[in-house]
Amino acid sequence: MHIAEGFLPPAHAVAWGIASAPFVVHGVRSLTREVREHPESTLLLGASGAFTFVLSALKLPSVTGSCSHPTGTGLGAILFRPPIMAVLGTITLLFQALLLAHGGLTTLGANVFSMAIVGPWAGYAVYKLLRRYDVPLMVAVFFGAFVADLSTYCVTSVQLALAFPDPSSGFLGALGKFGAIFAVTQIPLAVSEGLLTVLVMRLLVQSSKGELTRLGVLLAKKQSRSETEAVAR
């Protein structure tokens, strides 16, 4: 997903940066409010950011100028909602560009838009929809993480197709080609990320039940006990 440094035309790089900026600014405000009102959440915020950093640093070769890897954004979006994940994802991408030469500064806006904005919002929307219809927590977590991962690569395919349309079939032809190449590695990675996110959530249910209840992931009182029993089974 990380589009390499200098790979996008300058106009595209600037446009994606402008599109991402309002979401990141909103996220900074949300993160500041969360830390100020609930300083006890700092540890879980750090863990969510670390989860994203570690998973998204594991890259496989894919489309020229980009790569395939898990994103790790579904967990943070479910726990703290997408605005905060926009900030954690941006920090992750910035550090990876500076320290790992993974992605780049000129393509930071495009990478933030796909991985730190669209991915978390799509995953969170699926998670909330499933929970609204009483789908078990861990099933909703799996599909939230799965969709967060896969939607990131759909957006990256759009970004690359806009920048490099096919000479004969244009944008749609390029979109089909980029999407098909990404799918070979990304669908199995999305499934793996969903399963790993479920495993991490199970551990959090056991170790941080009070914090998950405050965040609304677990329901209070009687419902929270049924959630825990379902996880144990």
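Residues numbered from 1 in each chain as written. Predicted model: local features only at pLDDT ≥ 70, side-chain atom pairs only at ≥ 80, totals over all residues. Heavy atoms only, no water.

## Examining the nonpolar core
Okay, step 1: Grouped together as the largest cluster of nonpolar side chains are 31 residues, with contacts concentrated most on Leu79, Tyr127, Leu137, Met201, Leu212 and Val217.
Okay, step 2: Sorting the residues of this core by element identifies helix 2 (42–56), helix 3 (73–80), helix 4 (82–99), helix 5 (108–132), helix 6 (137–163) and helix 7 (170–207) as the ones contributing at least two each.
Okay, step 3: The greatest single-element share of this core, amounting to six residues, is contributed by helix 6.
Okay, step 4: Here methionine 201 is in contact with Leu75, Ile78, Leu79, Met138, Val141, Leu212 and Val217, once residues within four sequence places are set aside.
Okay, step 5: Leu108, Ala110, Met115 and Val155 belong to the second-largest nonpolar core, a separate cluster that totals 22 residues. (Core = buried A, V, L, I, M, F, W, Y, C linked by side-chain atoms within 4.5 Å. Buried < 20%, exposed > 50% of the residue type's maximum accessible area, 1.4 Å probe, protein only. Helix = DSSP H or I, 4+ residues; strand = E, 2+ residues; numbered from the N terminus. Contact = heavy atoms within 4.5 Å.)

## Observations concerning a nonpolar patch on the surface
Okay, step 1: A cluster of nonpolar side chains, namely Ile91, Leu94, Phe95, Leu98, Leu99, Leu100 and Leu105, defines an oily patch on the protein surface of about 660 Å² accessible area.
Okay, step 2: Classification of leucine 98 by relative accessible area gives exposed; the value is 54%. (Patch = residues over 30% accessible without salt bridge, like charges linked within 9 Å, V, L, I, M, F, W, Y side chains within 5 Å. Areas by Shrake-Rupley, 256 points an atom, 1.4 Å probe, with all protein chains shown as cover. Salt bridge = Lys/Arg side-chain N within 4 Å of Asp/Glu carboxyl O.)

## Considering the pattern of salt bridges
Okay, step 1: This structure, assessed with the given rule, holds four salt bridges.
Okay, step 2: With a shortest N-O distance of 3.7 Å, arginine 214 and glutamate 40 are connected by a salt bridge. With arginine 214 in helix 8 (residues 209–214) and glutamate 40 in the loop between helix 1 (10–37) and helix 2, this pair connects stretches of sequence that are 174 residues apart.
Okay, step 3: Judged by relative accessible area, which is 30%, arginine 214 ranks as partly exposed.
Okay, step 4: One salt-bridge network, held together by shared partners, links Glu34, Glu40, Glu211 and Arg214.

## Some words on the packing of aromatic side chains
Okay, step 1: All chains considered together, the criterion is met by seven aromatic pairs.
Okay, step 2: Ring geometry for phenylalanine 23 versus phenylalanine 113: centroids 6.4 Å apart, planes at 80 degrees, classification edge-to-face. Here the residue phenylalanine 23 occupies a position in helix 1, and phenylalanine 113 occupies one in helix 5, the gap between them amounting to 90 residues.
Okay, step 3: Overall, the relative accessible area of 17% leaves phenylalanine 113 in the buried class.
Okay, step 4: Look at phenylalanine 142 and phenylalanine 143: their rings are 5.1 Å apart centre to centre, the planes differ by 85 degrees, and that puts the pair in the edge-to-face class. (Phe/Tyr/Trp six-rings, centres within 6.5 Å; stacked < 30°, edge-to-face > 60°.)

## A look at the packing of helix 3 against helix 7
Okay, step 1: Close contact between helix 3 and helix 7 brings their axes to 9 Å; oriented N to C, the two are set at 40 degrees. In terms of their interaxial angle, helix 3 and helix 7 are classed as oblique. Crossing angle aside, the handedness with which helix 3 passes helix 7 is right-handed. Contact residues: helix 3 offers Thr73, Gly74, Leu75, Ile78 and Leu79, while helix 7 offers Glu193, Thr197, Val200, Met201 and Leu204.
Okay, step 2: Classifying every residue of the contact of helix 3 with helix 7 by side-chain character gives six nonpolar, three polar and one charged. (Axes fitted to C-alpha atoms, helices over the stretch in contact; angles between N-to-C directions. Parallel < 35°, antiparallel > 145°, perpendicular 65-115°, else oblique. Left-handed = near helix turned anticlockwise from the far one by under 90°. Nonpolar A, V, L, I, M, F, W, Y, C, P; charged D, E, K, R; others polar.)

## Topic: helix 3
Okay, step 1: Most of helix 3 sits inside the fold, with eight of its eight residues counted as buried.
Okay, step 2: Of the residues one or two after helix 3, arginine 81 is the one with positive phi, at around 80 degrees.

## Side note on the UniProt feature "transmembrane region" (unreviewed entry) in the protein chain
Okay, step 1: Cross-referencing UniProt, the feature "transmembrane region" (unreviewed entry) maps to residues 41–58, 79–102, 108–127, 139–160 and 180–205 in the present numbering.
Okay, step 2: The distance separating the terminal C-alpha atoms of residues 108–127 is 27 Å; by composition the span is 100% helix and 0% strand.
Okay, step 3: In residues 180–205, helix accounts for 100% and strand for 0%; the two terminal C-alpha atoms are 37 Å from one another. (UniProt positions renumbered as here; feature names shortened; annotations may be inferred.)

## Regarding the side chain of serine 68
Okay, step 1: Within the secondary structure, serine 68 is located in strand 2 (residues 67–68).
Okay, step 2: At 2.6 Å, the side chain of serine 68 and the side chain of threonine 185 are in polar contact.
Okay, step 3: Looking at serine 68, its side chain comes within polar contact range of the side chain of glutamine 186, at 3.3 Å. (Polar contact = N/O pair within 3.5 Å; in protein donor to acceptor, adjacent residues only side chain to side chain.)

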